[in-house]
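Summary of structural features
Residues per chain, in single letters:
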Amino acid sequence: MKIDRDMFPGVIKLPYFKILTSEKKISRLDQPERVTVSLKQHIGEPCTPLVEVGDRVELGQKIGEPEGDVSAAVHAPYSGEVLDIKKHPIDVGEEADCVIIKVAEEQPDKFTEQVRDPEELTAEEIIEIVQQSGIVGMGGAAFPTPVKLQPPKGKTIETVLVNGAECEPYLTVDHRLMLEKAEELIEGTKLLLKASGAEEAMIYTEDNKLDALKIMEEANDDPRICVDTVPTKYPQGSEKMLIQAALNKQVPSGGLPFDIGVLVQNIGTTIAIYEAVVYDKPLIERVITVSGQNIAEPGNHMIPIGTPVSHVLEQCGGIKSDNSTLVLNGGPMMGVAMDDFSIPVMKGTIGLLAIPASMEKTKKMRPCVRCNKCNEACPVLIYPSYLSVCIEEGRLEEAAEVWDIFDCIECGICSYVCMSHRPIAQQIREAKQQIKVIREQAAEGGNN
Amino acid sequence: MNIDRSPIKTSPAPHFHSGVTISSAMKDLFIALLPVTLISIFMLGAQVLLLLATTITGALLGEVVARKYRGEEVTLYDGTALISGILLGLILPPTVWWAMIPLYTFGGFFATAIVRDALGGLGRNRFNPALSARILLLFGRSSLVYLAPFILEISEAFEPYLHQLEVLDLVSAATPLYAASEGLAIPELSSMLFAYQGGSPAETSALAVLAGGIYLIIRGHIKPHIPVSMISTFFILALIFSAQPFFHLLGGGLLFGAFFMATDWVTCPLTRKGQILFGIGIGILLAFFRFFVADLWVSPGGVAFSIVIMNGFVPYIDRFTARPKYGQQRRD
């Protein structure tokens, strides 16, 4: 298959800093005293709790029942006792009902024995297991996986893309998983093929992770699966960009990958599906990268869902700088800076970074000088410079109608290159919210 | 817990920045202008320095006055006014009489205060400031009678004294284009390429201009689309309409205009297709001025006129050449 390597123009070479953790094997940290398991780990409806305060819970026991079509079950990441069920911050500016579990000192050893043979399962059975295991996209968005595996009527999935691009700086979760769990990844990909009914699958990584490519090629024993690289550039790991680089196709504006017969799954998700099917292991833990120049001991760690960020940071030696630090939930391009470390690790948490605030090179915002750097870098080929000026002047309708604000994938590359230090990505995020509110109000007004 | 040692900051994503700022870009532009400036000083003498000093002073002054008047922040540190001043200085006739100093200073002032800040502000001006000022000065002192008579009065008041001073060393030869139009000997192409003693400072060395342009392309500040389309369009027309196409390629402000003036971010199209159209338009206009308009007052300003005229079309060019966004058309 020919890969059109210049389909999106971004040629921005970001500083990656992946070397901080790319050689560090995935390890486990000491268990925390208590975990805060949110009943809303995912995009969609929150779960209803299945336990009450004072209940004993078993490792892997389902504690939240999914509600509605788009939702995913939540399981106990440790055995222990339910201390409380209450609202707790789960992200910057976001709260949800959380089950607080006091972690028992003795933990059972579970999910290591094979309980099912993947060969004997039908597509429906696999999807049912994925549903029961509470699996969501582990690349950050946390979209419930069963929904993606079952496209609406009339749409079929022809190609499965397993996304190992991992284009955000610092993060090495997928890189380590590809190195350490290549066989599980290949088996998981076979399950995705079966569950989705697709005929071919591709596992792509960026060409700065050739060691992972080699190991996956060795592990690959299925002619339907192809393992290859795409060029290293930001934001190659975005679903739309990967589809373009890998298949030379574009997802129609406003559409989803299944509109062109493609299913994109993250590396971690694919392995989680394998473990759910074979070991009956629900999604109760995930690998995250703890990194950054200001973290004492960077590394990749298998962390149970609900572990407080403060515990993770402490276990990694804490923050070592005296200068001002940004603690990020996610990568430096799209991650959120936080100051409340009681926030728990979620199914969609990909990394915790402590980087020097000087990386932002903050300066006063200047007028747009039309230098064109953002427009040249924009992966979805809209015009961030015009959007920025429009939003600044309050012309929100124009931003939506003329300059395609809703096509923006918020990758942040426009702000990164802006020589006038305009916070273009942030302007766009805020304007999208405002436009939605205005449109909802207009719709309500129309109904009255 | 030693988390508390470090002050924790929060801010919206992204948390990285390329480090390229307006000032650093202007520094690159300054470096790109150095070769031709140095060669012109070497060829034409210290008068180039005096010329640059006047236009730069005017440009800086223009920003200060206009911004103060409009109640905006003065940002001389970003280097944009400085660059406007240098660009203007490099395209003026280098023979500076003392009496012309107020005039050239006014040129620099006009570029930043009027063309840039009053007609839009930084990033919003429709026309190239340096070229607009060049066109104003093309009409020479007569234009000042209407625009700023006080400047004439100042220079006239000084003139009796200044006449007693040595006139600055006037080494400048006739511009190549002027020589050609008068039927005088045309300079060797090789000297126009490396170092020639005629015309404005920007015309002294085609290679130095090219080197600066290539530097800007390598540094990612300009794309080759405008210079390439502009120069090739003009060259093709020169092949048709002129007996000396190479002479026209190197003579006059074509190369400097192509790399440093037409590529001005603020006044050129953003789209690649638009940039090509823009370059072609300038090439055609320039050929028209060079080959069909004999008036000497237009010919030296041919490049300036062509670019400024095309500046006026930029918003329309951008609108009609907008690229299809991702997912707008299906490609399979």
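Because the structure is predicted, anything quoted here is derived from the model rather than measured.

Bringing the overall build of chain A into the picture now. The helix and strand tally for chain A stands at 13 helices and 17 strands. For 448 residues, the compact-globule estimate of 2.2 N^0.38 gives 22 Å, and the C-alpha radius of gyration of chain A, at 22 Å, lies within 12% of that figure. Along the longest, intermediate and shortest principal axes, the C-alpha atoms of chain A span 60 × 55 × 50 Å. Here chain A holds 448 residues, and 54% of them are scored as buried. Of all intrachain contacts in chain A linking residues separated by at least 6 positions in sequence, the fraction that spans at least 24 positions is 72%.

Let us now look at the interface of chain A and chain B. Counting from both sides, the interface comprises 61 residues of chain A and, opposite them, 36 residues of chain B. Those elements giving two or more residues to the side of chain A that touches chain B turn out to be α8 (309-315), β15 (325-329), β16 (336-337), α12 (413-417) and α13 (424-447) of chain A. Partitioned by chemical class, the residues of the side of chain A that touches chain B number 30 nonpolar, 19 polar and twelve charged. Bridge analysis of β15(A) against strand β1 (residues 8-9) of chain B gives two bridges, and the strand direction is parallel. By the bridge assignment, Thr325(A) is partnered in β1(B) with Ile8(B).

With that settled, the discussion passes to the nonpolar core. Core analysis: the biggest nonpolar cluster contains 220 residues, and Leu161(A), Leu242(A) and Leu387(A) have the highest contact counts within it. When residues in this core are grouped by element, the largest group, ten residues, is from helix α1 (residues 22-44) of chain B. Here this core gathers at least three residues from each of two domains, domain 1 (117-279) and domain 2 (373-447) of chain A.

Residues and elements named next belong to chain A. Strands sit in the order β2-β8-β7-β4 across an open sheet of four strands; the sheet is antiparallel. Sheet topology places β2 (34-38) and β4 (56-57) at the edges, where each strand pairs with a single neighbour. One ladder, built from five bridges, connects β2 with strand β8 (residues 94-103); its direction is antiparallel. Pairing of Arg 34 across the sheet is with Lys 102, part of β8.

The strands that make up a sheet pair up through hydrogen bonds in the backbone, lying either parallel or antiparallel. Residues and elements named next belong to chain A. In space, the four strands of this open sheet follow the order β11-β10-β9-β12, with parallel pairing throughout. If you trace the sheet from one side to the other, it starts and ends with β11 (225-230) and β12 (262-266), each paired once. Ignoring which end each strand starts from, the neighbouring axes of this sheet average 25° apart. For strand β10 (residues 200-206) and β11, the ladder comprises six bridges, and the chain directions are parallel. Each residue of the ladder has a partner; that of Thr 205, found in β11, is Thr 229. Across the face of the sheet, helix α5 (residues 210-219) comes into contact with β9 (159-164), β10 and β11 while running at roughly 170° to β11. Contacts between helix α7 (residues 267-279) and the sheet are confined to β9 and β12, with β12 contributing the most and set at about 85° to the helix.

Moving on: the pairing of β15(A). Residue and element names in this part refer to chain A. Counted residue by residue, β15 has five buried out of five residues, so it is predominantly covered. In this sheet, strand β17 (residues 351-356) lies alongside β15 in antiparallel orientation, the contact comprising five bridges. Residue pairing in the sheet places Leu 326 in a bridge with Ile 355 of β17. Where β15 and β16 come together, two bridges link them in antiparallel fashion. Note on β16: the bridge partner recorded for Leu 328 is Ala 337. The antiparallel hairpin formed by β15 and β16 contains six residues in its connecting segment, where Gly 330 sits at a positive phi of about 115°.

This part takes up the domain arrangement of chain A. Residue and element names in this part refer to chain A. One can read the domain layout of chain A as domain 1 (117-279) and domain 2 (373-447). Measuring from the centre of the C-alpha atoms in domain 1 to the corresponding centre in domain 2 gives 30 Å. Every contact between the two is made by six residues of domain 1 and, on the other side, six residues of domain 2. A class-by-class count of the residues in the side of domain 1 that touches domain 2 yields three nonpolar, two polar and one charged.

Model confidence for chain A is summarised by a mean pLDDT of 92, while 97% of its residues fall at 70 or above. This model gives residues 1-6 of chain A a pLDDT under 50, and the stretch forms six contacts once residues within four places in sequence are excluded.

All names here are of chain B. Of the residues in chain B, 78% have a pLDDT of 70 or more, and the chain-wide mean is 83. Taken together, the stretch residues 162-173 has pLDDT below 50 and engages in 20 contacts with residues farther than four places along the chain or on a different chain. With pTM at 0.89, the complex prediction returns an ipTM value of 0.87.

Below, the discussion takes up unusual backbone geometry. The omega torsion of the bond from Tyr234(A) to Pro235(A) falls at -5°, within 30 degrees of zero and hence cis. Structurally, Pro235(A) can be placed in the loop between β11 and α6 (239-247). Here the bond from Ala13(B) into Pro14(B) is cis, since omega is -5°, no more than 30 degrees from zero. Tracing the backbone shows Pro14(B) in the loop between β1 and α1. Non-glycine residue Asn372(A) carries a positive phi angle of around 80°. You can see Asn372(A) is positioned in the loop between β17 and α9 (373-377). The class of Asn372(A) is buried, set by 22 C-beta atoms lying within 10 Å. A positive phi is found at Glu410(A), a non-glycine position, where the angle reads about 60°. Residue class for Glu410(A) comes out partly exposed when judged on the 17 C-beta atoms lying within 10 Å of it.

With that settled, consider the pairing of β8(A). Walk down a regular strand and you will see the side chains alternate between the two sheet faces. Residues and elements named next belong to chain A. In the sheet, strand β7 (residues 80-91) pairs with β8 via ten bridges, with the strands oriented antiparallel. Note on β8: the bridge partner recorded for Ile 85 is Val 99. The antiparallel pairing of β7 with β8 creates a hairpin that spans two residues between the two strands, and Gly 93 there sits at a positive phi of about 75°.

Moving on, we get to the environment of Leu192(A). All names here are of chain A. Its place among the elements puts Leu 192 in helix α4 (residues 182-196). Leu 192 sits 147 residues away from Glu 45 along the chain, and the two C-alpha atoms are 24 Å apart. What Leu 192 contacts, discounting residues up to four positions off in sequence, is Val 160, Ala 201, Leu 263, Gln 265, Thr 270 and Ile 273.

Residues and elements named next belong to chain B. Relative to the assigned elements, Gly 108 resides in helix α4 (residues 101-118). Residue classification places Gly 108 among the buried residues on the basis of 33 C-beta atoms within 10 Å. Counting along the chain gives 55 residues from Gly 108 to Ala 53, while the straight-line C-alpha distance between them is 10.0 Å. Among residues more than four places away in sequence, those in contact with Gly 108 are Thr 54, Thr 55, Ile 56, Thr 57, Gly 58, Ala 59, Gly 62, Gly 85, Leu 88 and Ala 133.

All right, on to α7(A) then. All names here are of chain A. Look at α7: 18 Å from first C-alpha to last across 13 residues, which is about the 18 Å you get at 1.5 Å a residue. Taken as a whole, α7 has its buried residues at Ile 267, Gly 268, Thr 269, Thr 270, Ile 271, Ala 272, Ile 273, Tyr 274, Glu 275, Ala 276, Val 277 and Val 278. Where α7 ends, the next residue or the one after it, Asp 280, has phi of about 60°, a positive value.

Before going further, it helps to spend a moment on the packing of α4(A) against α7(A). All names here are of chain A. Where α4 contacts α7, the axes come no closer than 8 Å and their chain directions differ by 80°. In terms of orientation, α4 and α7 fall into the roughly perpendicular class. Contacts between α4 and α7 involve Glu 184, Leu 185, Glu 187, Gly 188, Thr 189, Leu 191 and Leu 192 from the former and Ile 267, Thr 270, Ile 271, Ile 273, Tyr 274 and Val 277 from the latter. Here the contact of α4 with α7 is built from residues that sort into eight nonpolar, three polar and two charged.

The rules we used
Residues numbered from 1 in each chain as written. Chains lettered and ligands numbered in written order. Predicted model: local features only at pLDDT ≥ 70, side-chain atom pairs only at ≥ 80, totals over all residues. Helix = DSSP H or I, 4+ residues; strand = E, 2+ residues; numbered from the N terminus. Rg over C-alpha atoms; globule rule 2.2 N^0.38 Å. Buried ≥ 20, exposed ≤ 12 C-beta atoms within 10 Å, placed from the backbone. Contact = placed C-beta atoms within 7 Å. Nonpolar A, V, L, I, M, F, W, Y, C, P; charged D, E, K, R; others polar. Pairing = 2+ DSSP bridges. Core = buried A, V, L, I, M, F, W, Y, C linked by C-beta atoms within 7 Å. Domains from an automatic or database assignment. Axes fitted to C-alpha atoms, helices over the stretch in contact; angles between N-to-C directions. pLDDT = per-residue confidence, 0-100. Expected span 1.5 Å × (residues − 1). Parallel < 35°, antiparallel > 145°, perpendicular 65-115°, else oblique.

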